[in-house]
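What follows is each chain in one-letter form.
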Amino acid sequence: MSQLLIAAAAESENPLVPPIPELVIGLIAFVIVFGFLAWKLLPNINKVLEQRREAIEGGIEKAEAAQTEAQSVLEQYKAQLAEARHEAARLRQEAQEQGASLIAEMRAEGQRQREEIVAAGHTQIEADRKAASSALRQDVGKLATELAGKLVGESLEDHARQSRVIDRFLDELDEKAEAAR
């Protein structure tokens, strides 16, 4: 019967509820372990978590500062780029104005040189015409004198007479030439 009592007592115990002495001993051991962990381990864990939190916040602050600095540099770059574009446009405008000015000056210089060349040409032509006319008068005068001497049968060597005959003959030729025009 004792076995039956033990079996009955075993059946009356709930396997989910531990016996009271085991519960007290387990609770005391838990409090000791928890106290030791809270005393030794918890400050180290809190210290590591605080360092981690500070590192993360510092990283965020650094990232925000870097982003602010990058934005500032970007604005400066944009301002410099706009200024460079403005300067390039101004230089391009100056170059165009200088080019137009140089072209106008070169045209004026070319026109002046052309007029000088034309005037020099006219002067040279007039001088050449006078020289040719004078040479032609002399040659025609000699020929006319020789021919007149042969026709008349006497010598027309007198210079004054020869000049008058030549001038009269050339004047007649000039009158005929002008009448023909």
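This one's a predicted model, so the numbers in the text were calculated from it and none came from an experiment.

Side note on the overall build of the chain
Step number 1: Along the backbone of the chain there are three helices and zero strands.
Step number 2: Every one of the 181 residues in the chain was classed for burial, and the buried ones make up 5%.
Step number 3: For the chain, the accessible surface area stands at approximately 16000 Å², while carbon and sulfur atoms represent 62% of it.

What about the packing of aromatic side chains?
Step number 1: Taken as a whole, this structure holds two aromatic pairs when the rule is applied.
Step number 2: Over the face of the ring belonging to W39 we find K40, whose NZ or CZ atom lies 5.0 Å from the ring centre.

A short note on the pattern of salt bridges
Step number 1: This model, assessed by the stated rule, comprises seven salt bridges.
Step number 2: A salt bridge links E116 to R112, with the shortest nitrogen-to-oxygen separation between them at 2.3 Å. Of this pair, E116 and R112 both sit in helix α2 (residues 20-152), separated by four residues, roughly a single helical turn.
Step number 3: What makes R112 partly exposed here is its relative accessible area of 37%.

What about a nonpolar patch on the surface?
Step number 1: A contiguous nonpolar patch, built from V33, F36, L37, W39, L41, L42, I45 and L49 and spanning about 790 Å² of accessible area, is present on the exposed surface.
Step number 2: With respect to the helices, strands and loops of the structure, F36 is situated in helix α2.
Step number 3: A relative accessible area of 48% means that F36 is categorised as partly exposed.

As for a negative patch on the surface
Step number 1: Negative charge collects at one region of the surface, where D171, E172, E175 and E178 lie side by side.
Step number 2: By secondary structure assignment, the location of D171 is in helix α3 (residues 159-180).
Step number 3: Residue D171 is classed as partly exposed on the basis of its relative accessible area, which comes to 39%.

A short note on the confidence of the model for the chain
Detailed reading of predicted coordinates is not advised where the pLDDT is low.
Step number 1: On average, residues of the chain score 83 in pLDDT, and 85% of them reach the 70 mark or higher.
Step number 2: Within the chain, α2 carries the highest mean pLDDT (88), whereas helix α1 (residues 2-12) carries the lowest (59).

Analysis parameters
- Residues numbered from 1 in each chain as written.
- Predicted model: local features only at pLDDT ≥ 70, side-chain atom pairs only at ≥ 80, totals over all residues.
- Heavy atoms only, no water.
- Helix = DSSP H or I, 4+ residues; strand = E, 2+ residues; numbered from the N terminus.
- Buried < 20%, exposed > 50% of the residue type's maximum accessible area, 1.4 Å probe, protein only.
- Areas by Shrake-Rupley, 256 points an atom, 1.4 Å probe, with all protein chains shown as cover.
- Phe/Tyr/Trp six-rings, centres within 6.5 Å; stacked < 30°, edge-to-face > 60°.
- Lys NZ or Arg CZ within 6 Å of the ring centre and 35° of its normal.
- Salt bridge = Lys/Arg side-chain N within 4 Å of Asp/Glu carboxyl O.
- Patch = residues over 30% accessible without salt bridge, like charges linked within 9 Å, V, L, I, M, F, W, Y side chains within 5 Å.
- Lys, Arg positive; Asp, Glu negative; His and termini not counted.
- Charge placed at Lys NZ, Arg CZ, Asp CG, Glu CD.
- pLDDT = per-residue confidence, 0-100.

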